[in-house]
Amino acid sequence: MAMPSSPGWLHLTIGEEAPNRLDKALAALVPEEAALSRSRLMKMIDEGDVLLDGQVVTNPKAKVAEGQVYALRLAPAVELEHLLAEDIPLTVIWEDADLIVIDKPAGMVVHPAPGTPSGTLVNALLAHCGDTLSGIGGERRPGIVHRIDKDTTGLLVVAKSDRAHHGLAAQFEDHSVNRRYLAVVHGQPDAYDPRLRGLRGISFEAGGILKIATHLARHKTDRQRQAVVWNDGRHAVTRARVVEDFKGAASLMECWLETGRTHQIRVHMAYAGHGLLGDQTYGGKRRLPEKLFGSSAELANSFPRQALHAATLGFEHPVTGEELEFESPLPEDMANLVDALRHGQAG
């Protein structure tokens, strides 16, 4: 049970029914409002922030006994010097004390990396959230539980607290999050296409839903790309359906993820022979014919990014248990592309 605690400390008393190992006992006893994840507790034990009778205990497997009182030092979340807060405008769809949902624009990287140390979503969130970030793993930073590519637009949920980070990560891991994307692809997948039916990992489900199940891994010669593999890599499943057909030469498709691997939709649709318009990495050199689309063909063929938008995001709030679902309309560039294909058809 939790005992009254002084500022900066949390005191936990081992009860009769507590697990007999320190790490498991503390995880079972920590009150929900403390927002200490299992990984955070392990880090606290390792760093000497767990004491018994004034003595540091660093062995997570140490045996505990009924009546023992453990003191946990709650260090304030530390600022990360290598991450800069930047005042970058954000489109916020939802925000509370534990999480924030963002509608990301094209061109924004989610997380800083050696090639993009600034101008990212994380930099923007550090400025936007400020002191409302209670800390992830003891560090004052937003908790990134999933990402979308730099030039993909749409919805992202980010944790602001340890308890939200832990709960969201669990939902992404068990594939219970509803993530649906809109994509404009070359061609139109057809359940009766013998080429598609002959491809390993391709099948069709009721209602003409295309299912692509493969493994994905880094490309052997181009480390910036992902590739379909079979004997290694990570299991990946994408489903897709045609929303609107543009004379068989292009389609607006809804794609949803059972798994969430890097570039998954882009790689899978290219593997199926229906690469995304504007995708310089996986889309190939296909072009829409002017004879079918008139001047709209040039707009489509010069589209400057992969035509992919994270349109729907649904999950259970990791703290309140509320079922949340958010939708984002097509961004202006994709809406103009769809409109051009819809109305610019020749003949």
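In the block above lies the structure referred to throughout.
Residues numbered from 1 in each chain as written. Predicted model: local features only at pLDDT ≥ 70, side-chain atom pairs only at ≥ 80, totals over all residues. Heavy atoms only, no water.

Q: Please clarify how the overall build of the protein chain should be interpreted in this entry.
A: A count of helical and extended segments in the protein chain gives nine helices and 17 strands. Looking at the protein chain as a whole, 47% of its 347 residues qualify as buried. Here the analysis covers contacts within the protein chain between residues at least 6 apart in sequence; of these, 64% occur between residues at least 24 apart. Entry remark: accessible area of the protein chain is about 17000 Å², with carbon and sulfur atoms responsible for 49%. (Helix = DSSP H or I, 4+ residues; strand = E, 2+ residues; numbered from the N terminus. Buried < 20%, exposed > 50% of the residue type's maximum accessible area, 1.4 Å probe, protein only. Contact = heavy atoms within 4.5 Å. Areas by Shrake-Rupley, 256 points an atom, 1.4 Å probe, with all protein chains shown as cover.)

Q: Quick question: what am I supposed to make of the environment of L84 here?
A: Mapped onto the elements of the fold, L84 is located in the loop between β5 (69-73) and β6 (92-95). Distance from L84 to T120, taken between C-alpha atoms, is 9.8 Å for residues 36 residues apart in sequence. Here L84 is in contact with N123 and L126, once residues within four sequence places are set aside.

Q: Any chance you could explain the pairing of β6 here in plain terms?
A: When a strand is regular, its side chains alternate between the sheet's two faces. Inspection of the sheet shows β6 paired to strand β7 (residues 99-104) by three bridges, in the antiparallel sense. The residue bridging V92 from the neighbouring strand is I102, located in β7. Turn length for the β6-β7 hairpin, with the two strands adjacent in sequence and antiparallel, is three residues. (Pairing = 2+ DSSP bridges.)

Q: Would you explain the side chain of Q264 in this entry?
A: Tracing the sequence through the fold places Q264 in helix α6 (residues 264-271). Among the polar contacts made by the side chain of Q264, one reaches the side chain of T238 at a distance of 2.8 Å. Separated by 3.0 Å, the side chain of Q264 and the backbone nitrogen of R261 make a polar contact. Leaving out residues up to four positions away in the same chain, Q264 has contacts with L216, A236, V237, T238, L257 and T259. (Polar contact = N/O pair within 3.5 Å; in protein donor to acceptor, adjacent residues only side chain to side chain.)

Q: I'm lost on the pairing of strand β12 (residues 209-218) in this one. Help?
A: Here strand β11 (residues 202-205) runs beside β12; their pairing, made up of four bridges, is antiparallel. Pairing of F204 across the sheet is with L210, part of β12. The turn linking β11 back onto β12 is made up of three residues, and G207 within it adopts a positive phi angle of 85 degrees. Bridge count for β12 against strand β14 (residues 234-246) is seven bridges, and the pairing is antiparallel. When the bridges of β14 are listed, L210 appears paired with A240. By the bridge criterion, four bridges tie β12 to strand β13 (residues 226-229) in an arrangement that is antiparallel. For L216, the partnering residue across the bridge sits in β13 and is V228.

Q: Even after reading the chapter, I still don't get the pattern of salt bridges, so can you show me in this structure?
A: Close approach of charged atoms allows side chains with opposite charge to pair. Applying the stated rule across the entire model yields 14 salt bridges. A salt bridge links E205 to R239; its shortest N-O distance comes to 2.9 Å. Of the two residues, E205 sits in strand β11 while R239 sits in strand β14, which places them 34 residues apart along the sequence. Accessibility expressed as a relative area gives 16% for R239, which makes it buried. Between R287 and E298 there is a salt bridge, with its nearest N and O atoms 3.6 Å apart. Of this pair, R287 sits in the loop between α6 and α7 (290-293) while E298 sits in helix α8 (residues 296-301), placing them eleven residues apart in sequence. A relative accessible area of 47% places E298 in the partly exposed class. Connected through shared salt-bridge partners, D149, R266 and D279 make up one network. (Salt bridge = Lys/Arg side-chain N within 4 Å of Asp/Glu carboxyl O.)

Q: In this structure, what is going on with the packing of aromatic side chains? I would like to understand it.
A: The description of an aromatic ring pair uses the distance of the two centres, along with the angle that the planes make with each other. Overall, the coordinates contain three aromatic pairs when judged by the stated rule. Between W230 and Y271 the ring centres are 6.4 Å apart and the planes differ by 65 degrees, which places this aromatic pair in the edge-to-face class. Of this pair, W230 sits in the loop between β13 and β14 while Y271 sits in helix α6; the two residues are 41 residues apart in sequence, bridging distant segments of the chain. We classify W230 as partly exposed; its relative accessible area is 27%. Accessibility expressed as a relative area gives 23% for Y271, which makes it partly exposed. The ring centre of W256 lies 4.3 Å from the NZ or CZ of R180, which sits over that ring. (Phe/Tyr/Trp six-rings, centres within 6.5 Å; stacked < 30°, edge-to-face > 60°. Lys NZ or Arg CZ within 6 Å of the ring centre and 35° of its normal.)

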